Amino acid sequence: MEQVVRTSLEGDIGLIVLDNPPVNAAGHGLRAGLVAALDRLVAEPAVKVIALYGAGRSFIAGADIREFGKPPRDPWLPEVCNRIEDCAKPVVAVLHGAALGGGLEVAIAAHARVAIRGVALGFPEVTLGVLPGAGGTQRGPRLAGVAAALDLITTGRRIGAEEALALGLVDRVAEGDPRTVALAAARDVLDGRLTARRTRDIHIDPDREALETTKQTLLHTQAHLFSPHACVEAVAAATLPLPEGLAKERQLFQACIDSPQRAGLIHAFFAERAVAKIPEAAATPRPVTRIGVVGAGTMGAGITTACLLASEPVVLIDSAPEALERGAAAVARNLDGAVSRGKMTPAARGAIRLTTATTLDALAGCDLVIEAVFEEMDVKTATLRGIETICPGAVIATNTSYLDLNVMAETLADPRNFLGLHFFSPAHVMRLVEVVVADATAPEVVATGFALAKRLKKIAVRSGVCDGFIGNRIMSAYRRAADLMALDGTPIDAIDAAVRGYGFAMGPFEMGDLAGLDIGWAARKRQAATRDPATRDHGALADRLCEAGWLGRKTGCGWYDHSGDTPVPNPALPGLLREIQQAERITPHILDADEIITRYETAMIAEAARVVEEGIARYPIDIDAVFLFGYGFPRWKGGPMHRADEIGAAALVARIARLAQDDPKGGWQVPAILHCMAREGGSFAGLNIGR
Ligand code: 3H9
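Residues numbered from 1 in each chain as written. Predicted model: local features only at pLDDT ≥ 70, side-chain atom pairs only at ≥ 80, totals over all residues. Heavy atoms only, no water.

S.K.: Before we go on, may I ask you to explain the packing of aromatic side chains in this structure?
M.R.: Given two aromatic rings, one states the distance between the centres and the angle between the planes to describe the pair. All chains considered together, the criterion is met by 11 aromatic pairs. Ring centres of Tyr 502 and Phe 504 lie 5.9 Å apart, and the angle between their planes is 15°; on these two criteria the pair is classed as stacked. According to the relative accessible area criterion, Phe 504 is buried, its value standing at 6%. A cation sits over an aromatic face here: Lys 525 above Trp 521, 3.8 Å from the ring centre. We note Lys 637 situated over the ring of Tyr 502; from NZ or CZ to the ring centre the distance is 4.1 Å. (Phe/Tyr/Trp six-rings, centres within 6.5 Å; stacked < 30°, edge-to-face > 60°. Buried < 20%, exposed > 50% of the residue type's maximum accessible area, 1.4 Å probe, protein only. Lys NZ or Arg CZ within 6 Å of the ring centre and 35° of its normal.)

Quick look at the structure:
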């Protein structure tokens, strides 16, 4: 405890330094240490003022969210904040790095605050499915007003020192190291140059209009979430005397803690960080100063844009001059869009370093080259060999979505330099990159892939080699379940609506039309020879659409007819369906939304379990990250493996057994790992331990 919170005396100033690496989370040790430190300095007669600051990179990044859902340990953060506010001697807080959530709550319970330029302040609790539960919903509005506090608390938006000063959340902005600033601020409190006051004594103006507007907006935009609405209710209680408001805040905070959305959102927070812990983490990434991209189609242009947005120099190659021109124009449009959305400064736009060429020679000097040419093994291998000849020793990546990297690697002189970097379309927007590791890939090449993804501000997830890697392989399984439900008579718009109701932005048929039905058609043709004859041909209906030239939005029609203002199901579907159902002796039946989701989710989880079982994903949490950051899985549900644990292995085994009985040729099989968990106990979360 002594190490986490230390005190020292500088004349009549008592200093408290918080030192709980890496981010000064307010875990039990910090809370208890802070109370003990206050007691010590209050009892020390020489001390006239107390200054509180953080060591390392932050003031306090918030409550320790690893403690949520576990039995609480005294003192709770709300009590710590009350102790600070009640303190008989003035307390000034000096904020640097991050003063977030519980960190900002500690600060606003102090009697004065100084923000060091560069600090990030905010109440991000709502993004974790909770609300500021240590007085933030009560003291925040007293300092910043109801409207500003509502904005910060319901959006989780992070602000800088100057905005915090303008809002009244801090009293002064300063520069310097936290200890020096703390000493100066404490001296100013003693000399009356910085006013110390208790936040609870500040008069608060009720703002019913702001409350009502926010409430209505959230009902429209975030009806499916729990905590944003609880945030509004808690802020509404800020006009009550502080103890009553705090009691209301605590009750609402506890309801958030108990909600499954809190568990899902916090799992998502950790998933984002867990995926970086790879076995190759100790290897030194190779330096990358010049990136080559081969193929200027949608993916190549998107990858090029992603690199340029991160100020990386790029050489973009396409052997067809028209394709190169179209690709370069798409890159320019993407960058202009980024400038107009404030994602890139006009100066950075002007400074991009892009070279275009029609021959691979221009790649000379590149230390990393990504191929994004046509998804065809021969085309890819010829390109990879060409790249290796021009750039011997460079890291060479394929952006294939499905093809076997080990087969590709055989064609290279040095397969240790080769890996997969599977970007998702649009590549300059989607955060996920699957880093696909082939048998011969060298550890430092894997580390280089991760380092590049980080520079591009993407989330990299390590995957082994299989058809579709982690994401597309699992997607094929639930896509298949959706196709079978449609073949059996459930309307496609009912399936899409149920999947949207689950929390995806789009249903599988809407997504198919957006991506183009020819992609799945090509995959089905490729897999036709190896298709298990004991399972049903789920693609029969989609094949008929493709044969008729209905390839989705790009042809104006696919699963849906897109010719009007709103898409309607393709009017030819019932006729085509009748023909297939008669030929295959299917008795049509319509599933309700619950059963649609049961099948969709179970197909996803079962395939994901197999992906873990085969070691394609090293940990279940990797799969959750893939789906959260690449496939639009609803963040508050945590990911397919997190959902699997919520449902429970025994229940999943029972579900799959029932579905296999209902549809013996539907491909429903219980993965061995689920059988084992159901029999012996255990969970996917348990497999993440040690990550
Ligand atoms: C809250 O405060 C509730 C209260 O209102 C009420 C209480 C009653 N807890 O992100 P990084 C870990 S809710 C535990 O890579 P960066 C993180 O997992 C909280 N651990 O660093 C990682 O661990 P590992 C409100 C935490 O420099 C390591 O620290 N606060 C916490 O890129 C480094 O993190 C928030 O929501 C935590 N609170 O970014 C802030 N925070 O090395 C959440 C981080 O094992 N935190 N860790 O993978 C952040 O936004 C970023 O971590 C921060 C630093 C900006 C601070």
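S.K.: Mind showing me how you'd approach the nonpolar core here?
M.R.: Note on soluble globular proteins: their nonpolar side chains tend to be buried together. If you look at the biggest cluster of nonpolar residues, it comprises 75 residues, and the most contacted ones within it are Ile 470, Ile 474, Trp 559 and Ile 623. Among the elements that make up this core, the one with the highest residue count is helix H24 (residues 593-613) (11 residues). Core analysis: the next-biggest nonpolar cluster, separate from the first, contains 72 residues, Val 35, Ile 84, Val 119 and Ile 153 among them. (Core = buried A, V, L, I, M, F, W, Y, C linked by side-chain atoms within 4.5 Å. Helix = DSSP H or I, 4+ residues; strand = E, 2+ residues; numbered from the N terminus.)

S.K.: Quick question: what am I supposed to make of the sheet that holds strand S9 (residues 120-122) here?
M.R.: Hydrogen bonds along the backbone pair up the strands of a sheet, which may run parallel or antiparallel. An order of S7-S9-S10 is seen for the three strands of this open sheet, with the pairing classed as mixed. Edge positions in the open sheet fall to strand S7 (98-100) and strand S10 (158-159), since each of these has one partner strand only. The sheet contact formed by S7 and S9 spans three bridges and is parallel. Of the residues in S9, the one forming a bridge with Leu 100 is Gly 122. Against the sheet, helix H3 (residues 102-109) makes contact with S7 and S9, and its axis sits at roughly 85° relative to S7, the strand it touches most. (Pairing = 2+ DSSP bridges. Contact = heavy atoms within 4.5 Å. Axes fitted to C-alpha atoms, helices over the stretch in contact; angles between N-to-C directions.)

S.K.: It is not clear to me how helix H9 (residues 227-236) should be interpreted in this structure. Could you clarify?
M.R.: For an α-helix the count is 3.6 residues per turn, leaving residues at separations of three or four pointing the same way. For H9, the tally of buried residues reaches seven of 10 residues, placing the bulk of the element in the interior. For H9, every residue scored as buried is listed here: Ser 227, Pro 228, Ala 230, Cys 231, Val 232, Ala 234 and Val 235. The secondary structure elements touched by the buried residues of H9 are helix H4 (136-144), helix H5 (146-155), helix H8 (208-221), helix H10 (242-258) and helix H11 (260-274).

S.K.: Can you walk me through the pairing of strand S1 (residues 5-10) in this structure?
M.R.: Each regular strand carries side chains that alternate between the two faces of the sheet. Bridge count between S1 and strand S2 (residues 13-18): six bridges; the pairing is antiparallel. Within S2, the residue paired with Ser 8 across the bridge is Leu 15. Counting the residues between successive antiparallel strands, the hairpin from S1 to S2 contains two residues, one of them, Gly 11, with a positive phi of roughly 65°.

S.K.: Hey, could you run me through the site of the ligand in this one?
M.R.: Residues in close proximity to the ligand total 27 residues, the closest being Arg 57, Glu 105, Glu 125, Arg 273 and Lys 277. Side-chain polar atom of Arg 66 to a nitrogen atom of the ligand: 3.2 Å apart, as the coordinates give it. Here the ligand, which alone exposes 1000 Å², has 79% of that area covered by the protein. Of all the secondary structure elements, the ones that give two or more residues to the shell around the ligand are strand S5 (62-63), H3 and H11. (Near = heavy atom within 4 Å. Polar contact = N/O pair within 3.5 Å; in protein donor to acceptor, adjacent residues only side chain to side chain. Areas by Shrake-Rupley, 256 points an atom, 1.4 Å probe, with all protein chains shown as cover.)

S.K.: How do you make sense of the pattern of salt bridges when you look at a structure like this?
M.R.: Pairs may arise between side chains of opposite charge once their charged atoms sit close together. Tallied over the entire structure, the rule returns 43 salt bridges. The partner of Glu 233 in a salt bridge is Lys 248, and the shortest N-O contact between them spans 3.3 Å. Of the two residues, Glu 233 sits in helix H9 while Lys 248 sits in helix H10, which places them 15 residues apart along the sequence. On the accessibility criterion, Glu 233 (40% relative accessible area) is partly exposed. On the basis of relative accessible area, Lys 248 is assigned to the partly exposed category, the value being 25%. Each of the salt bridges in this network shares a partner with another, and the network as a whole consists of Arg 172, Asp 188, Asp 191 and Arg 193. (Salt bridge = Lys/Arg side-chain N within 4 Å of Asp/Glu carboxyl O.)

On their own, these measurements won't tell you what the molecule is for.
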